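Letter by letter, the chains look like this.
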Amino acid sequence: MADEHEIDGMGTRRATCVLAPNPSAMTLDGTNTWIVAEPDADEVVVIDPGPKDLKHLRRVADKITESGRRVGLIVLTHGHPDHAAGAGKFAELTGTRRIRALDPRHRLGEEGLTEGDVITVGGLELHVMETPGHSDDSLTFWLPADGAVLTGDTVLGYGTTVVEGKLGDYLSSLQRLREFSERTGASVILPGHGPKLDDPIAALDGYLEHRRRRLAQVEEAVQAGARTAREVVERVYADVDRKLWKAAEASVQAQLDYLRESGRLPF
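Residues numbered from 1 in each chain as written. Predicted model: local features only at pLDDT ≥ 70, side-chain atom pairs only at ≥ 80, totals over all residues. Heavy atoms only, no water.

Enquirer: Give a detailed account of the packing of helix α2 (residues 54–66) against helix α4 (residues 87–94), specifying residues and quantitative values.
Expert: With their axes 10 Å apart at the nearest point, α2 and α4 run at an angle of 40 degrees to one another. Here α2 lies oblique to α4, going by the angle between them. Considering how the two elements wind past one another, α2 and α4 form a crossing that is right-handed. Listed contacts from α4 to L54, L57, R58, V60, A61 and I64 of α2 are K89, F90, L93 and T94. Looking at the contact of α2 with α4 residue by residue, the classes come out as seven nonpolar, one polar and two charged. (Axes fitted to C-alpha atoms, helices over the stretch in contact; angles between N-to-C directions. Helix = DSSP H or I, 4+ residues; strand = E, 2+ residues; numbered from the N terminus. Parallel < 35°, antiparallel > 145°, perpendicular 65-115°, else oblique. Left-handed = near helix turned anticlockwise from the far one by under 90°. Contact = heavy atoms within 4.5 Å. Nonpolar A, V, L, I, M, F, W, Y, C, P; charged D, E, K, R; others polar.)

As structure tokens, then:
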């Protein structure tokens, strides 16, 4: 794991991370809650309030209050509990009446989020991109004023993410982010877990290469007789902590489905 002091408080001119105290094998150092605002604005956007941990939620709220600001909007990169479970309580603590998300189940109010939306709060601009793969409801936010891409769990500060959605969608999302970062000159990835990444293109190239290698390993495991996701995990993830095997099964199943749909499996 990274030094928590490297993560808590990191960011850009307009985005600051508040690290949630929920470290684990799945959440790395904890969930990154992002406070995003124009430097002279009196309203902020909070991205991913995090788990339902009252101490963390109050800490985020206090940082905003101490800066003389208020929460204008809460948005979610996706609905997994380590990012979204505390959103309702955080809205209550801060008097915020809007939580926007792709999935209607996680919203407060009528407004959702979808591809191409532009969030404007206190002069801030955040552009919304749908990037499914880690989950079907995953979003990425582009902060053009800082050249920053806020990726949620689509890209992490280190390691790789679990694919619960379709692998084809995830590969398309990574490729799209790679092309987007090159086209816009993006300077930093601000992830949902782990430290920021100061070379977005290199990070995304690494993710794409990792997926290509994993697909090849899965194909080899199938050729060697593996038929289920568990059997593939036992071969491909033999050197990985078994606590992670259940999560790995989800990614392997996505890979098997992808290979089957591509006609690259013998069954």
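Enquirer: Just give me the short version of the side chain of D146, but keep the residues and values in it.
Expert: In this structure, D146 sits in the loop between β8 (139–143) and β9 (148–152). Here the side chain of D146 touches T12 through a polar contact of 2.5 Å, side chain to side chain. Among residues more than four places away in sequence, those in contact with D146 are T12, R13, R14, A15, S187 and V188. (Polar contact = N/O pair within 3.5 Å; in protein donor to acceptor, adjacent residues only side chain to side chain.)

Enquirer: Residue-level account of the side chain of D103, with values.
Expert: You can see D103 is positioned in the loop between β5 (99–100) and β6 (118–121). A polar atom in the side chain of D103 sits 2.7 Å from the side chain of R105.

Enquirer: An account of the layout of surface pockets is requested, with residue identities and associated values reported.
Expert: Looking at the largest pocket, its volume works out to about 570 Å³. Forming the walls of the largest pocket are 27 residues, and the residues nearest its centre are M26, T160, T161, V162 and A247. Breaking the lining of the largest pocket down by element, the ones donating at least two residues are α3 (81–84), α6 (200–223) and α8 (245–261). Counting residues per element, the lining of the largest pocket draws most heavily on α8, at four residues. (1 Å grid on protein atoms, 1.4 Å probe; cavity = no way out; pocket = protein on both sides within 12 Å on 5 of 7 lines; lining within 4 Å. Points joined across faces, edges and corners; volume = space filled by probe spheres on them.)

Enquirer: I'd like a rundown of the nonpolar core, residues and numbers included.
Expert: In terms of nonpolar packing, the biggest core is built from 37 residues, with V232 and L256 touching the most fellow members. Put simply, the parts of the chain that give this core at least two residues each are α5 (167–184), α6, α7 (229–236) and α8. The element that contributes the greatest number of residues to this core is α6, accounting for eight residues. In contact with L256, not counting residues within four places along its chain, are V218, V222, T228, A229, V232 and L265. Counting residues in each nonpolar core, the second largest holds 25 residues, with M10, W34, L113 and L150 among its members. (Core = buried A, V, L, I, M, F, W, Y, C linked by side-chain atoms within 4.5 Å. Buried < 20%, exposed > 50% of the residue type's maximum accessible area, 1.4 Å probe, protein only.)

Enquirer: Before we move on, can you summarise the packing of α6 against α7 with the specific residues and values?
Expert: Across the interface, α6 lies against α7 with an axial gap of 9 Å and an inter-helix angle of 110 degrees. In terms of axis orientation, α6 runs roughly perpendicular to α7. Here the hand of the crossing between α6 and α7 comes out right-handed. Taking contact as the criterion, the partners of R214, Q217, V218 and A221 in α6 are, on α7, V232, R235 and V236.

Enquirer: Can you break down the pairing of strand β10 (residues 188–191) residue by residue, with the values?
Expert: Walk down a regular strand and you will see the side chains alternate between the two sheet faces. Of the two faces of β10, the one holding V188 and L190 and the one holding I189 and P191 are both buried throughout. Direction of pairing for β9 relative to β10: parallel, over a ladder of four bridges. Bridging from a neighbouring strand, G152 pairs with P191 of β10. The parallel pair β9 and β10 is bridged by α5, and the resulting crossover is right-handed. (Pairing = 2+ DSSP bridges. Right-handed = clockwise from strand over helix to strand, strands pointing away.)

Enquirer: Before we move on, could you go through the sheet that holds β10 and cite the residues and values that matter?
Expert: A sheet is described by the order of its strands in space; here five strands give the open sequence β6-β7-β8-β9-β10, paired in mixed fashion. In this open sheet, the two strands that pair with only one neighbour each are β6 and β10. Strand-to-strand twist in this sheet, taken as the mean axis angle between neighbours without regard to direction, amounts to 25 degrees. Both strand β7 (residues 124–130) and β8 contribute to a ladder of four bridges, which runs antiparallel. Each bridged residue has a counterpart across the sheet, and for V128 the counterpart in β8 is F141. The strands touched by α5 within the sheet are β7, β8 and β9, with β7 carrying the most contacts at an inclination of about 145 degrees.

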